[in-house]
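Examination of the molecular architecture
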Number of protein chains: 2
Amino acid sequence: MVQEQDPSKVDVLIVGAGPAGLMAAAWMARCGVNARIVDKRGTKIFNGQADGLATRTLEIFDSFGFADRVWKESFHIIEFGLWNPDEEGVIRRADRLKSTLPELSRFQPVLLHQGRIERFFLDHLKKHSPIRVERGVIPESLTFDDSLAEDEDAYPIQVTLQHLSEDEARPEQSLANGKTTSDGLFRSNLAADDTDELLAKMQLNERAGTREVVKAKYLIGCDGAHSWTRRQLGLSLEGEQTDLIWGVLDIIPITDFPDIRMGCSIHSANSGSAMVVPREKKLVRLYIQLSTVEVGDKGKLDRTNITPEMILGCAQKIFAPYKLTYSHCDWWYDIPVSQLQTAYQVGQRVCPSFHRSHRIFLAGDAVHTHSPKAGQGMNVSMQDSYNLGWKLASVVNGTCKRSLLETYQSERRRVAQDLIAFDHQLSRFYSAKPAKEGGDDHEGVGMDVFKDFLERGLVFGSGTAVEYGPSVVVAKEGDVAKHGDGSRISVARLSGGERLVGKPWLAKGIKVGVRMPSFQVLNQADARPWPFQQLLRSDGRFRVVVFAGDVLSEGQMGRVRRLGERLLGVLKRFTPKGVLYGVFDVLTIHCGDRLGIEFMDFPEALRPFDEKMGWDYDKIFVDGPSHYEGDGRAYEGYGVGPEGCLVVLRPDQHVGFVSDLEDVEGVEAYFGEFMVRS
Amino acid sequence: MVQEQDPSKVDVLIVGAGPAGLMAAAWMARCGVNARIVDKRGTKIFNGQADGLATRTLEIFDSFGFADRVWKESFHIIEFGLWNPDEEGVIRRADRLKSTLPELSRFQPVLLHQGRIERFFLDHLKKHSPIRVERGVIPESLTFDDSLAEDEDAYPIQVTLQHLSEDEARPEQSLANGKTTSDGLFRSNLAADDTDELLAKMQLNERAGTREVVKAKYLIGCDGAHSWTRRQLGLSLEGEQTDLIWGVLDIIPITDFPDIRMGCSIHSANSGSAMVVPREKKLVRLYIQLSTVEVGDKGKLDRTNITPEMILGCAQKIFAPYKLTYSHCDWWYDIPVSQLQTAYQVGQRVCPSFHRSHRIFLAGDAVHTHSPKAGQGMNVSMQDSYNLGWKLASVVNGTCKRSLLETYQSERRRVAQDLIAFDHQLSRFYSAKPAKEGGDDHEGVGMDVFKDFLERGLVFGSGTAVEYGPSVVVAKEGDVAKHGDGSRISVARLSGGERLVGKPWLAKGIKVGVRMPSFQVLNQADARPWPFQQLLRSDGRFRVVVFAGDVLSEGQMGRVRRLGERLLGVLKRFTPKGVLYGVFDVLTIHCGDRLGIEFMDFPEALRPFDEKMGWDYDKIFVDGPSHYEGDGRAYEGYGVGPEGCLVVLRPDQHVGFVSDLEDVEGVEAYFGEFMVRS
């Protein structure tokens, strides 16, 4: 019995509840957007899949408040070992590198199973909103009325959803009974798409579920490499398809190889390469170059050739003379799985467009796929929807104009292009034979070249170096197309028409377009130290950070007081009466002597008063030594002098505008470009 | 309808599910003991009550794995402000002190509502055991057969439990509807006892619940100041009863007083004293000396005189010339309460005995009560049952002898005595008038005296300085009675009869009888830094810490290897075959060059092998600089030289024995004194 219902309406419909979809949903939850998220699967994943978390991803999790859960459960990668054959062809440790550069982030990279990460997102949705993942729900048809695209009140998108019965939604290779041998591909990006199959099966099934028609203002397709949404838009991934075959094995290894608990790369003399990635709960993931597998004539991997025994066999050749075996394979949460391996074809692709009319968006694997070894897939996917979510929420909520949305593709498609270029290089490096030491080997990759590449990779891989080009929300010099994905988008301008660029030299440690770095500051009222970044919550608000400077020096507090009054005046122009602090947050950091000044000495504009809650003690901070956590030296780190400056942050912590304490006109020009005047 | 059931049996019955009872239950959960915990209340508490957590308590929570939840939600006390009247009688900030001494602990004191702390314990029980708090269950009668006390298989205790109906179990001043005005006394120690009332009400009630008879090997009474268990033993609290009256107000203050977000003490010239204790969620707790309340002729506070308005009035006089008011009072978890105050009589008492025949034990407020201002009540109560829990569990589980249990009263009654002496002094200090500055005021307390007292109080209050006297589990010199509560208990002895004292001078930073301090060490296999204390999980196991010294120096690894083999031999004598690592944990810290040695170079005795799990990579640590967290300098901190030493830790992290790497006989003598040979 298929029931037809009247169309329901939703502002944002998210298709796919993997990490990218959940990240989008997290924004909708925090910004109070009327949203739904559906996934064709009946259960969340249990094991396998991507699980490396870059430091920027941890910063993002922290801004939602659950990085601590990840930090506690995950395996921390501290060092990275490089192994190369010596002159006799025996692998030896050539070097050990730090896993990241300490100055990049207050976090280090960690490994944690994707299923746990999804759990933290689900808990977050539950805590902050009525939004719940609707599982076993599959989109069947999509229509889009382009003529309504610019009508802000319209619902130009119509989607028919099928609600599957429980049996239908369960993937065939489900691990639910804990005993089934799984080849780990059942939800892999490189497995064949089963959407059509699921739909067909459902239509034949007597216990078929209900059909539902949904009208939406916006749709986000986070439905993976085989994206149904992308297909509806007539888009496909493009780019190079390579023939490098790697096997992946999640085991508790029994080995005398010394660096088995380090991140590690091994180049053997004649048996190919391996990567060692330790994980939580004594697990180690091995990426193994499969020396004995051929690709079929269609360029697709013939999976039937690959077995865990075969992958282990290849690994043993690479690890020799060290011994490697195992008796226990991947399990998660008491679901023991006797054997698990995943085999990837290294596919590297990027989609030509990330949206249709800025109404339907694609994010994550739907628009870029690449090899798993860069450890970037899940990170970049989540960062896509992290970039999109706040923009979409602020447009839906009526505080920002639709023109803001064009920055999504410009910013994120560029990142995808960079990633794929990096990944391509990395794959080549791993698959190349090592150069013979001391020799004149032009084909092989020398250890010094490889090490240098890896070190540059640490910066790229951290995700903290992403720099968005000039746009309406990034006020700076530079060519729009060149610093983005090539699209010609708008930029912020002063009333005279010249480009808004502020005075970025007042904060030499802060780069416009890059996420705000973190240094420790102290709360003026209670002396508690905070990594400043931890105050930059993902709550959808723009932030003005007032570097008040040395407020005890002559005239400085007067400047701060004048700024406070004028700034409030400007911010009020972009917010309906009474909700200013729902749209903006103003944080002050001064560098005067903490004990020489009181909280109450600061202008009330910077420490808002509420009749029930009194003054807000969590708005004034100071750069200075703490009792228990050292000295943050924040002004030094941010490169700000005692004269102070103004920094405007986007809701995703990326820096939008920097100027001096007098440049309230600049702040107004900045927000005026993309925000709705009330 | 009252149903009689056949007696059920349980190894340990815990009466009372406040923090002390929950701490006992946590041990039972972790040690796999067959235990039950009952509480007469139908719900856990919502607000009010003690909520200061000392650093040692946080260390204990961390050993169970939930300190991070407390740390995240709580208010961190960083500084403490001292306010005194100036020459004109106007209060001024005299000084600011650190809230603790950084070298005492890796934590700082925090404030968090007791209801949340109970929540974390409940989650912990759920995660680790089938033990659940049985609420609305009230003990009605207790019989104890003393003749069976020393029979390890006997159940000499019989308790009749009444299961209350939901209505009966709900306290009259329940805040369940979120609107009721509460005076916060409904579960206070100083409220009248309502056990008899509850029982009587139940007998009259037609919907009375079932009656149950339980036979138990052991019983722990954690049932508060009016302890029913204590009454059954014919014991009562003794000591001084004072007439100092303080009011407590939990509000969101609206005030221009600058230190309102600091821990703070205020001595006014003529209006008494106040303490400011900021809490989570913008709340501040004010302890206010009530200048206008008299105690009735029975020496008991007449509660009807005390209103929040009256307490606020007293506070306003003390805070003058600063303004103080509020419009919002305590709430917890969306349960708004329009007014909450608590009034304490400062009662300071300690019980003459903490047990009956080492079968029935009392812990927490059941054996000591004191004023709330020392912030120690909940901490010392939990630390009581933290001390008792592992001892009882190891006796019930058959690994330790009953003689171990006599150390409970010796160790904890002494702490209670010390606390009450400290608390008495503190109360006098707070209630005394401040000395006039510069004058020759013998009655008043000078600021320097007060400050000095407070600084000494930081050490005491942290809980980290508790030093247990010599006993079977603390092998050291000293008079047993003098260093305990006066009881004459046994001590560890060598086979020749002389006292076992080891070579404590080999670890100058480690005190026998005190909890093991924490310094950062790195995991040899993966380079991750750990505060060493974090590895000392509360899992019921004794730990041998092998300070292996500089293993790269000549002969040292040979010493370590010989130790490893002999040590395993000794430990096996105290464990049934195959469960050695269920009873003992062996951790190694060396101070050689980390990169100069491999994990596999250490003897297998120190890195156990399991056929399924491989080698245990989490047993070998090294003192050295980390990449991201500085240098722990652990050997320097522990005062251990390159020759190394052996340290035996009790399951509660207190140091039991220190000697050199050859003294395996000492280790055997130590464990032989109180452990059962297999």
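Residues numbered from 1 in each chain as written. Chains lettered and ligands numbered in written order. Predicted model: local features only at pLDDT ≥ 70, side-chain atom pairs only at ≥ 80, totals over all residues. Heavy atoms only, no water.

Definition in use: UniProt positions are given in the numbering used here, feature names are shortened, and annotations may be inferred rather than shown by experiment.
Named according to an unreviewed UniProt entry, chain A is Phenol 2-monooxygenase originating from Hymenoscyphus fraxineus. The record held by UniProt for chain A lists under Sequence similarities (unreviewed entry) the comment "Belongs to the PheA/TfdB FAD monooxygenase family."

1. Quick notes on the packing of helix α1 (residues 19-30) of chain A against helix α2 (residues 55-64) of chain A
When two helices pack together, their arrangement is given by the angle between their axes and by how far apart the axes lie. Residues and elements named next belong to chain A. Applicable threshold: Axis definition: a line fit to C-alpha positions, over the contact stretch in the case of helices; interaxial angles, taken between N-to-C directions, run 0 to 180 degrees. Helix and strand definitions here come from DSSP, where helices need a minimum of 4 consecutive H or I residues and strands a minimum of 2 consecutive E residues; each element is numbered from the N-terminal end. With respect to orientation, any angle under 35 degrees is reported as roughly parallel, any angle over 145 as roughly antiparallel, any angle of 65 to 115 as roughly perpendicular, and every other angle as oblique. Handedness of a crossing is defined here by the sense of rotation of the near helix relative to the far one, left-handed for an anticlockwise turn of less than a right angle and right-handed for a clockwise turn. Any two residues whose heavy atoms approach within 4.5 Å are treated as being in contact.
Remark: α1 packs on α2, axes separated minimally by 12 Å, with the N-to-C direction vectors making an angle of 30 degrees. When the interaxial angle is binned, α1 and α2 end up roughly parallel. In this structure, the crossing between α1 and α2 has a hand that is left-handed. Of the residues in α2, those in contact with Met23, Ala26, Trp27 and Arg30 of α1 are Ile60, Phe61 and Phe64.

2. Remarks on the side chain of Ser74 of chain A
Under the convention used in this document: Two N or O atoms form a polar contact when they lie within 3.5 Å of each other; inside protein one atom must be a possible hydrogen donor and the other a possible acceptor, and for residues adjacent in sequence the pair counts only when both atoms belong to side chains.
Along the chain, Ser74 of chain A falls in the loop between α3 (67-73) and β4 (75-76). A distance of 2.8 Å separates the side chain of Ser74 of chain A from the backbone oxygen of Val70 of chain A, its partner in a polar contact. If we skip the residues at most four places from it in the chain, Ser74 of chain A touches Val110, Leu111, Leu112 and Glu280 of chain A together with Arg528 of chain B.

3. Overview of the interface of chain A and chain B
As a reminder, the rule being used: Buried area: the sum, over both parts, of the accessible surface (1.4 Å probe) that disappears when the two are put together. Just to be clear on terms, a salt bridge is a Lys or Arg side-chain nitrogen sitting within 4 Å of an Asp or Glu carboxyl oxygen.
If you look at the interface, chain A gives 50 residues, while chain B gives 51 residues. Buried area between chain A and chain B, both sides added, is near 4,400 Å², and the carbon and sulfur share of it is 55%. When the buried area of chain A at its contact with chain B is split by residue, Ile78, Met613 and Tyr628 of chain A rank highest and sum to 16% of it. Remark: the boundary between chain A and chain B carries ten salt bridges. As a salt-bridge pair, Lys282 of chain A and Asp618 of chain B come within 3.9 Å of each other at their nearest N and O atoms. Along the contact surface separating chain A from chain B lie 20 residue pairs in polar contact (both at pLDDT 80 or more). Broken down by secondary-structure element, the contributors of at least two residues to the side of chain A that touches chain B are α3, β4, β6 (91-98), β12 (241-255), β16 (324-329), β28 (609-610) and β29 (614-615) of chain A.

4. A short note on the UniProt feature "domain: Phenol hydroxylase-like C-terminal dimerisation" (unreviewed entry) in chain A
Those residues carrying the UniProt feature "domain: Phenol hydroxylase-like C-terminal dimerisation" (unreviewed entry) are residues 466-677 of chain A in this numbering. Helix makes up 19% of residues 466-677 of chain A and strand 18%, with an end-to-end C-alpha separation of 30 Å.

5. Some thoughts on the pairing of strand β10 (residues 157-163) of chain A
All names here are of chain A. In plain terms, the rule: Three exposure classes are used, based on accessible area relative to the maximum for each residue type with a 1.4 Å probe and protein chains only: buried under 20%, partly exposed in between, and exposed over 50%. When DSSP finds at least two bridges between two strands, those strands are taken to pair.
Most of β10 is tucked away: five of the seven residues are buried. Looking at chain direction, strand β9 (residues 137-144) and β10 are connected through seven bridges and run antiparallel. Across the sheet, residue Ile138 finds its bridge partner in β10, namely Gln162. Taken together, the six bridges between β10 and strand β11 (residues 211-221) define a ladder with antiparallel strand orientation. Considered in β11, the bridge of Thr160 is made with Val213.

6. Some thoughts on the sheet that holds strand β27 (residues 584-590) of chain A
Residue and element names in this part refer to chain A. Read from one edge to the other, the open sheet built from seven strands follows the order β25-β24-β30-β27-β26-β31-β32, with strand pairing classed as mixed. In this open sheet, the two strands that pair with only one neighbour each are β25 (529-531) and β32 (655-659). Neighbour to neighbour, the strand axes of the sheet diverge by 30 degrees on average, direction disregarded. Here strand β24 (residues 520-523) runs beside strand β30 (residues 620-622); their pairing, made up of two bridges, is antiparallel. Residue pairing across strands places Leu522 opposite Val622, the latter belonging to β30.

7. Here we look at the sheet that holds strand β26 (residues 542-549) of chain B
Residues and elements named next belong to chain B. Within the open sheet, the seven strands sit side by side as β25-β24-β30-β27-β26-β31-β32. Their pairing is mixed. The sheet is open, and its two borders are formed by β25 (529-531) and β32 (655-659), each paired with just one other strand. The mean inter-strand angle of the sheet, taken between neighbouring strand axes irrespective of direction, is 30 degrees. Bridge count between strand β31 (residues 645-649) and β32: four bridges; the pairing is antiparallel. When the sheet's bridge partners are listed, Val647 is paired in β32 with Val658. In this fold helix α12 (residues 556-572) packs onto β26, β27 (584-590) and β31, with an angle of close to 165 degrees to the strand it touches most, β26.

8. Digging into the confidence of the model for chain A
Should the pLDDT be low somewhere, the predicted coordinates at that spot are not to be read in detail. Residue and element names in this part refer to chain A. The test is simple: You can read pLDDT as the predictor saying how much it trusts each residue, on a scale of 0 to 100.
Mean pLDDT over chain A works out to 85, with 82% of the residues at or above the 70 mark. Segment residues 173-191 is flagged for pLDDT under 50; beyond a separation of four residues in sequence, or across chains, it makes 49 contacts in the model. Counting interchain partners and residues more than four positions distant, the pLDDT-below-50 stretch residues 331-347 has 82 contacts. Complex prediction metrics read pTM 0.89 and ipTM 0.87.

9. Regarding helix α13 (residues 556-572) of chain A
Residues and elements named next belong to chain A. The condition that has to hold: One less than the number of residues in a helix, times 1.5 Å, gives the span that helix is expected to have. Of all possible arcs, the one meant is that of the directions from the helix axis to the C-beta atoms.
The first and last C-alpha atoms of α13 sit 24 Å apart over 17 residues, in line with the 24 Å expected at 1.5 Å per residue. Listed in full, the buried residues belonging to α13 are Gln556, Met557, Arg559, Val560, Leu563, Gly564, Leu567, Leu568, Val570 and Leu571. Summarising the axial view, the buried residues of α13 lie within an arc of 160 degrees, below the 170-degree limit, and thus occupy one face. The exposed set on the far side of α13, more than 90 degrees from its buried face, consists of Arg562, Glu565 and Lys572. Those residues of α13 that are buried lie in contact with β26 (542-549), α14 (580-583), β27, β31 (645-649) and α16 (664-674).

10. Description of the environment of Leu506 of chain A
Residues and elements named next belong to chain A. Structurally, the position occupied by Leu506 is in the loop between α12 (480-483) and β24. Separated by 46 residues in the primary sequence, Leu506 and Leu552 have C-alpha atoms spaced 19 Å apart. Not counting chain neighbours up to four residues away, the residues in contact with Leu506 comprise Gly639, Val640, Gly641, Glu643, Cys645, Ser659 and Asp660.

11. Notes on the packing of aromatic side chains
Residue and element names in this part refer to chain A. Here is the rule: Pairing of aromatic rings covers Phe, Tyr and Trp, the last through its six-membered ring, and needs centres within 6.5 Å; plane angles under 30 degrees mean stacked, over 60 mean edge-to-face, and all others mean tilted. Remark: a charge is flagged as sitting over a ring if the NZ atom of Lys or the CZ atom of Arg is within 6 Å of the ring centre and within 35 degrees of the ring normal.
Scanning the entire structure with this criterion turns up 60 aromatic pairs over all chains. Taking 5.8 Å as the distance between ring centres and 80 degrees as the angle between the ring planes, the aromatic pair formed by Phe361 and Tyr408 counts as edge-to-face. One end of the pair, Phe361, is in strand β22 (residues 360-362); the other, Tyr408, is in helix α10 (residues 406-431), with 47 residues separating them in the sequence. What makes Phe361 buried here is its relative accessible area of 0%. An aromatic cluster of at least three residues, connected via ring pairs, comprises Trp390, Phe542, Phe574, Phe584, Phe657, Tyr670, Phe671 and Phe674. Its guanidinium or amino end placed over the ring of Tyr218, Arg359 lies 4.7 Å from that ring's centre, counting from NZ or CZ.

12. Brief notes about the packing of α12 of chain B against helix α15 (residues 664-674) of chain B
Residues and elements named next belong to chain B. Interhelical geometry of α12 versus α15 gives an angle of 20 degrees and a closest axis separation of 10 Å. The angle between the axes of α12 and α15 places the two elements in the roughly parallel class. The hand of the α12/α15 crossing is right-handed. Only Val664, Glu665, Val667, Glu668 and Phe671 of α15 make contact with α12, whose side of the interface consists of Leu563, Arg566, Leu567, Val570 and Leu571.

13. Some words on the relation of the copies chain A and chain B
Put simply, the test is: Superposition of the copies was done by least squares, using only C-alpha atoms of residues whose pLDDT is at least 70 in both.
Mapping chain A onto chain B calls for a rotation angle of 180 degrees and an axial translation of 0.0 Å; the resulting RMSD is 0.0 Å. In symmetry terms, the pair is related by a two-fold rotation axis. Proximity to the rotation axis, assessed at the C-alpha, singles out Asp68 of chain A in chain A; its C-alpha lies 4.1 Å from the axis. In this assembly the copies share their binding face: 100% of the residues contributing to the interface of chain A also contribute to that of chain B.

14. As for the pattern of salt bridges
Scanning all chains against the criterion turns up 85 salt bridges over all chains. Note that Lys217 of chain B and Asp11 of chain B form a salt bridge whose closest N and O atoms lie 3.8 Å from each other. With Lys217 of chain B in strand β11 (residues 211-221) and Asp11 of chain B in strand β1 (residues 8-15), this pair connects stretches of sequence that are 206 residues apart. With its nearest N and O atoms 2.9 Å apart, the salt bridge here joins Glu59 of chain B to Arg56 of chain B. Taken together, the residues Glu59 of chain B and Arg56 of chain B, both in helix α2 (residues 55-64) and three residues apart, mark about one turn of the helix. Each of the salt bridges in this network shares a partner with another, and the network as a whole consists of Glu79, Arg93, Arg96 and Asp259 of chain A together with Arg594 and Glu598 of chain B.

15. Here we look at helix α4 (residues 114-128) of chain B
For α4 of chain B, spanning 15 residues, the distance from its first C-alpha to its last is 21 Å, which sits close to the expected 21 Å at 1.5 Å a residue. Taken as a whole, α4 of chain B has its buried residues at Gln114, Gly115, Arg116, Ile117, Glu118, Phe120, Phe121, Leu122, His124 and Leu125 of chain B.

16. As for the environment of Trp615 of chain A
Considering the arrangement of structural elements, one finds Trp615 of chain A in strand β29. Using a relative accessible area of 14% as the deciding quantity, one classes Trp615 of chain A as buried. For the pair Trp615 of chain A and Glu604 of chain A, spaced eleven residues apart in sequence, the C-alpha separation works out to 8.5 Å. When neighbours within four sequence positions are excluded, Trp615 of chain A is seen to be in contact with Phe599, Met600, Glu604, Arg607, Pro608 and Phe609 of chain A together with Ile254, Thr255 and Asp256 of chain B.

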